Amino acid sequence: MAATASEAVHWFGLPTWLAALLAVTAVLACGITTYKKGWVAIRNGNLNINALMSIAVTGALVLGQWPEAAMVMVLFTVAELIEAKSLDRARNAIQGLMQLAPERATVLQDDGNWQEVEAKSVALRARVRIKPGERIALDGTIVSGRSAINQAPITGESLPVDKTEGDAVFAGTINESGSFEYVVTAAADDSTLARIIHAVEEAQGAKAPTQRFVDQFARVYTPVVFAIALAVAILPPLLMGGAWFDWVYKALVLLVIACPCALVISTPVTIVSGLAAAARQGILIKGGAYLEEGRKLAWLALDKTGTITHGKPVQTDFAALNGHGEADVRSLAASLASRSDHPVSRALATAAQQDGIALQNVDAFEALPGRGSKGLIGGKVYLLGNHRLIHEQGRCSEALEVRLTSLEEQGKTVILLTDEESVHGMFAVADTVKDSSRQAIAELHALGIKTVMLTGDNAHTAGAIAAQVGIDEAQGDMLPEDKLKAIEGKIEQGGSVGMVGDGINDAPALARADIGFAMGAAGTGTAIETADVALMDDDLRKLPRFVRLSRRTHALLVQNIVLALGIKAVFLVLTLTGLGTMWMAVFADVGASLLVVGNGLRLLRVNSSR
Ligand SMILES: Nc1ncnc2c1ncn2[C@@H]1O[C@H](COP(=O)(O)OP(=O)(O)OP(=O)(O)O)[C@@H](O)[C@H]1O
Ligand SMILES: [Zn+2]
């Protein structure tokens with residue numbers, strides 16, 4: 001207000017003292033914090049934006065450029081406000097998710113009544129009832145009823161998922177049609193949704209490489225421009241007899257131009273928007289660095305079981321060998337298998353259960369990673385495991401090898417039961433490929449990213465599954481350390497390498513890769529914490545989406561940097577040729593800031609599924 005008035009007074013030729021008074025009022029009214037910050041910066045020998053502006057405005061006042069001084073300070077303050085607001089807006093895009101979880105839940109009380117209470121006060125193991133159309137307030141496991149649930153707030157996938165007893169439900173998701181009851185498994189502030197938000201907020205706080213570069217650049221650039229401005233103010237009048245007023249004024253305009261506002265704000269706004277946009281699509285990126293890295297991916301390594309396939313194999317073939325009885329072999333194998341969580345073992349155990357096969361007691365059970373398992377049954381040692389295990393035990397034969405190969409070439413996984421004398425039988429299980437995997441691989445290839453499958457399963461099966469989904473390369477028979485070596489090999493070839501996995505046996509490889517992706521993170525809390533990028537469900541199409549988002553983010557970053565520096569360059573030329581005024585310079589600065597901020601926020605509107 002006072003600044004505009006000062007301008008008007010000047011315009012109408014009213015007394016200068018009035019313009020001066022109004023200008024000083026305006027400068028003090030909005031510029032006091034800028035002056036404070038500027039003073040602290042100068043005292044620390046550090047020329048930041050605030051210091052530049054303080055000097056420029058003071059200079060203008062000293063030169064008697066009252067209205068200009070006032071306008072510069074006012075517009076600068078407005079620009080700062082806009083920047084703070086826009087960054088908040090990008091940050092809040094993720095906070096909005098939290099409001100998706102209702103604040104109240106209908107909980108079963110000790111007296112057998114249902115009562116609506118604060119979600120925050122609900123204890124673990126409490127029983128909650130959900131009506132059709134209601135939003136779920138807390139994480140839990142369904143104990144009765146069934147329904148279709150829209151999990152878009154967590155996974156970014158709005159197609160409803162059918163859930164029934166034993167299935168996990170997440171706070172913030174929407175119950176569509178049925179009603180059910182569930183027991184609470186996490187407190188309100190520890191829900192999957194809360195953890196996602198927390199992770200995104202942490203990621204937003206960490207600086208991405210471009211941001212660090214911009215900060216460094218600004219640190220060098222600002223003093224350099226200051227030195228130039230000083231030279232412009234002093235040298236021409238001293239050496240060439242120029243008018244002091246003109247040159248000092250030019251120098252002040254230069255200082256305003258030097259203000260790297262737009263440049264400094266453009267990067268965080270863009271990155272923060274990108275992170276929020278990803279989170280809304282069920283892709284949790286643990287830092288701007290990974291968002292920037294994604295576009296460089298040259299190779300993507302994928303684990304087979306549970307990543308490319310559904311991870312729920314079923315038993316397809318069985319044969320007793322070496323004269324052992326079928327019923328005996330199945331009972332022994334199922335007894336070992338039912339002790340393990342490995343998908344292959346589970347397939348055997350399930351088939352045995354369906355056929356009503358009795359289990360026997362197993363002692364000294366032991367998992368043999370990458371091989372199978374072992375235990376004592378009736379005082380005898382039995383081993384249940386893959387070809388590698390049988391080979392290492394020296395119990396393989398050529399005839400057996402032929403049978404194994406023929407099953408494996410159909411994409412089946414074979415495990416064998418053996419004791420210390422002979423192989424008792426063989427079992428084949430088959431897993432199915434996810435439709436989304438095939439599509440995801442095709443999209444990745446279209447983006448120029450090569451794919452390799454790394455699996456603990458044998459090479460024939462690996463090859464067969466890889467062919468089904470169109471993966472470029474398949475490597476089988478891998479132990480965890482082999483997966484790690486394979487990743488290192490790809491890294492040596494140059495280019496960025498990503499790894500997608502689910503299991504513990506992938507952890508070293510995931511950690512070594514430039515970007516470690518975890519799948520189905522909604523179900524396993526640790527994946528959210530440990531992965532570089534957590535995909536909230538197990539749809540591999542999130543991978544090409546992530547890459548596209550990363551490329552868009554990068555394009556916007558470059559656009560913004562060029563824009564911010566370009567506008568400055570234009571005004572630099574204008575000033576040096578005597579056409580630029582302080583007015584223009586500060587408008588250019590505010591304008592450029594608005595442009596880059598608007599450009600960065602565009603990411604929030606991106607739907608990169610296309
Ligand atoms: N507990 C087990 N029960 C049965 N078979 C097993 C067990 N552990 C390992 N195997 C056998 O060893 C192979 C390698 O196991 P590993 O756990 O390393 O890989 P995976 O989980 O099958 O595959 P991926 O590496 O694709 O996730 C399996 O394919 C299976 O044949
Ligand atoms: Zn063999």
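Within any chain, residue numbers begin from 1 and follow the written order of that chain's sequence. For this description, chains carry letters from A and ligands carry numbers from 1, given in the order in which they are written. Restriction of local features to residues with pLDDT of at least 70 applies here, the model being predicted, together with a cutoff of 80 or more for giving and counting side-chain atom pairs; totals for whole chains, interfaces and linings are based on all residues. Hydrogens and waters are ignored; side-chain quantities use all the structure's heavy atoms.

Where an unreviewed UniProt entry is consulted, the protein appears under the name P-type Zn(2+) transporter, with the organism given as Aquabacterium commune. Recorded in UniProt under Sequence similarities (unreviewed entry), the annotation for the protein is "Belongs to the cation transport ATPase (P-type) (TC 3.A.3) family. Type IB subfamily." UniProt positions are given in the numbering used here, feature names are shortened, and annotations may be inferred rather than shown by experiment.

Caption draft 1: Summary view of the UniProt feature "transmembrane region" (unreviewed entry) in the protein. Under the local residue numbering, the UniProt record ascribes the feature "transmembrane region" (unreviewed entry) to residues 12-35, 220-245, 251-278, 555-576 and 582-604. Taken end to end, residues 251-278 has its terminal C-alpha atoms 44 Å apart, with 93% of it in helix and 0% in strand. Secondary structure elements follow DSSP: runs of H or I no shorter than four residues count as helices, runs of E no shorter than two count as strands, and numbering proceeds from the N terminus.

Caption draft 2: Representation of the UniProt feature "domain: P-type ATPase A" (unreviewed entry) in the protein in the model. UniProt annotation of "domain: P-type ATPase A" (unreviewed entry) refers to residues 100-201 when read in the numbering used here. Annotation note: span residues 100-201, helix share 14%, strand share 35%, distance between end C-alpha atoms 17 Å.

Caption draft 3: Region of interest: the packing of aromatic side chains. Centre distance within 6.5 Å is the pairing criterion for rings of Phe, Tyr and Trp, where only the six-membered ring of Trp is used; planes under 30 degrees apart are then read as stacked, over 60 as edge-to-face, and the remainder as tilted. Enumeration over the complete set of coordinates arrives at 5 aromatic pairs. Relative to Y182, the ring of F180 lies with its centre 6.1 Å away and its plane at 45°, an arrangement referred to as tilted. This pair shows no difference in class: F180 is buried, exactly as Y182 is. A positively charged side chain is recorded as over a ring if its NZ (Lys) or CZ (Arg) lies within 6 Å of the ring centre. The angle to the ring normal must also be within 35 degrees. Over the ring of F318 we find R330; its NZ or CZ atom is 5.8 Å from the centre of that ring. Its guanidinium or amino end placed over the ring of W299, K490 lies 3.8 Å from that ring's centre, counting from NZ or CZ. To sort residues, take the accessible area from a 1.4 Å probe on protein chains only and compare it with the maximum for the residue type: under 20% means buried, over 50% means exposed, and anything in between is partly exposed.

Caption draft 4: Fine view of the coordination of the zinc ion (ligand 2). Each protein donor to the zinc ion (ligand 2) is listed here as H387 (NE2), H391 (ND1), C396 (SG) and E401 (OE); together their distances run 1.9 to 2.3 Å. In this listing, donors mean N, O and S atoms no farther than 2.8 Å from the metal, or 3.2 Å for Na, K and Ca; water is missing from the atoms, so a site can look incomplete. Every geometry call rests on angle ranges, with four donors termed tetrahedral when all angles are between 85 and 135 degrees, four termed square planar and six termed octahedral when opposite donors are over 155 degrees apart and all others are between 65 and 115, and everything else termed irregular. Because the angles between the 4 donor atoms bound to the zinc ion (ligand 2) fall within 81 to 146°, the donor set is best described as irregular. Donor residues for the zinc ion (ligand 2) sit on one chain with the sequence pattern H-x3-H-x4-C-x4-E. For H391, a relative accessible area of 45% translates into the label partly exposed.

Caption draft 5: Quick look at a nonpolar patch on the surface. Side chains of L230, I234, L235, L238, L239, M240 and W244 sit close together on the surface and give an oily, nonpolar patch of about 770 Å² of accessible area. For the nonpolar patch, the element with the highest residue contribution is helix α7 (residues 209-240), accounting for 6 residues. Structurally, I234 can be placed in helix α7. To count toward a patch, a residue needs a relative accessible area above 30% and no salt bridge. Like charges then connect within 9 Å, nonpolar side chains (Val, Leu, Ile, Met, Phe, Trp, Tyr) within 5 Å. For the accessible areas, the method is Shrake-Rupley and the probe is 1.4 Å, while residue cover comes only from the protein chains on display. Within this document, salt bridges are pairs made up of a side-chain nitrogen of Lys or Arg and a carboxyl oxygen of Asp or Glu, the two lying within 4 Å of each other.

Caption draft 6: Representation of the domain arrangement of the protein within the structure. Under the domain assignment, the protein is made up of domain 1 (2-94 + 204-271 + 551-605), domain 2 (102-190), domain 3 (296-309 + 434-536) and domain 4 (314-430). For domain 1 versus domain 3, the separation of C-alpha centres amounts to 48 Å. Note: domain ranges come from an automatic or database domain assignment.

Caption draft 7: Molecular detail of the pairing of strand β17 (residues 423-430). Among the 8 residues that make up β17, 7 are buried, leaving the element largely enclosed by the rest of the structure. Think of it this way: DSSP has to see at least two bridges between two strands before they count as a pair. Alignment of strand β12 (residues 314-320) against β17, held across 6 bridges, turns out to be antiparallel. The partner of V314 across the bridge, within β17, is A430. One ladder, built from 6 bridges, connects strand β16 (residues 413-418) with β17; its direction is antiparallel. From the neighbouring strand, L416 faces β17, where its bridge partner is M426. A loop of 4 residues connects β16 with β17, the two strands running antiparallel in sequence.

Caption draft 8: Broad picture of the pattern of salt bridges. Here the structure, examined in full by the defined rule, presents 19 salt bridges. With a shortest N-O distance of 3.7 Å, R195 and D190 are connected by a salt bridge. Taking the relative accessible area as the measure of exposure, D190 reaches 36% and is therefore partly exposed. Ionic pairing is found between D539 and R541, a salt bridge with its closest N-O pair at 2.8 Å. The class of R541 is partly exposed, set by a relative accessible area of 21%. Here the salt bridges do not stand alone but share partners, grouping R104, E116 and E118 into one network.

Caption draft 9: Local environment of the pairing of strand β9 (residues 180-184). In terms of burial, β9 is largely enclosed, as 5 of its 5 residues are buried. Note that strand β3 (residues 127-130) and β9 share 4 bridges and pair antiparallel. Counted as the bridge partner of V128 is Y182 from β9. In this sheet, β9 lies alongside strand β4 (residues 140-145) in antiparallel orientation, the contact comprising 5 bridges. Of the residues in β9, the one forming a bridge with G140 is V184.

Caption draft 10: View of the site of ligand 1. Around ligand 1 lies a shell of 18 residues, among which D303, S345, T455, G456 and K483 are the nearest. Contacts described as polar in this section are N or O atom pairs within 3.5 Å, which, within protein, must combine one atom able to donate a hydrogen with one able to accept it, while residues neighboring in sequence count only if both atoms come from side chains. The contact in question runs from an oxygen atom of ligand 1 to an N or O atom on the side chain of D303, over 2.5 Å. H342 places a side-chain nitrogen or oxygen 2.9 Å from an oxygen atom of ligand 1. Surface burial for ligand 1 is 93%, taken as the share of its 600 Å² of free accessible area covered by protein chains. If you list the elements that add at least two residues to the shell around ligand 1, you get α11 (304-308), α13 (343-354) and β16. Each residue is assigned to one class: nonpolar for Ala, Val, Leu, Ile, Met, Phe, Trp, Tyr, Cys and Pro, charged for Asp, Glu, Lys and Arg, and polar for all the others, Gly among them. The residue inventory of the shell around ligand 1, partitioned by class, reads 2 nonpolar, 11 polar and 5 charged. When residues are assigned to domains, the shell around ligand 1 turns out to be shared by domain 3 (296-309 + 434-536) and domain 4 (314-430), each giving three or more. We define proximity as follows: a residue is near a molecule or strand when any one of its heavy atoms falls within 4 Å of that partner.

Caption draft 11: Here's a closer look at the nonpolar core. We call a set of buried residues a nonpolar core when its members are Ala, Val, Leu, Ile, Met, Phe, Trp, Tyr or Cys and they connect through side-chain atoms within 4.5 Å of each other. Counting residues in hydrophobic clusters, the biggest one holds 39 residues, and the most contacted among them are F517 and L543. Broken down by secondary-structure element, the contributors of at least two residues to this core are α9 (261-280), β10 (283-285), β11 (297-303), α16 (435-446), α17 (459-469), β21 (515-518), β22 (533-535) and α21 (542-576). The element contributing the most residues to this core is α21, with 6 residues. When we break this core down by domain, the ones giving at least three residues each are domain 1 (2-94 + 204-271 + 551-605) and domain 3 (296-309 + 434-536).

Caption draft 12: Structural detail: a positive patch on the surface. On the surface, a cluster of positive charge is made up of R89, R280, R552, R602 and R605. Within the secondary structure layout, R552 lies in helix α21. Asp and Glu count as negative and Lys and Arg as positive, but His and the ends of the chain are not part of the count. Where a charge sits is defined by one atom per residue type, namely NZ (Lys), CZ (Arg), CG (Asp) or CD (Glu).

Caption draft 13: A look at α16. Under the 1.5 Å per step criterion, the end-to-end length of α16 is 17 Å for 12 residues, consistent within 8% with the ideal 16 Å. On its buried face, α16 sits against β11, α11, β18 (450-454), α17 and α21. How far a helix is expected to stretch is found by multiplying one less than its residue total by 1.5 Å. Every residue pair with non-hydrogen atoms within 4.5 Å of one another is taken to be in contact.

Caption draft 14: Seen up close, unusual backbone geometry. If you check the backbone angles, R125 has positive phi at about 70° while not being a glycine. Inspection of the secondary structure assignment puts R125 in the loop between β2 (114-118) and β3. Overall, R125 belongs to the exposed group, its relative accessible area being 62%.

Caption draft 15: Looking closely at the side chain of S191. Tracing the backbone shows S191 in the loop between β9 and α6 (192-205). For S191, a relative accessible area of 3% puts it in the buried group. In this view, S191 contacts D139, A171 and A186; residues no more than four positions away in its chain are not counted.

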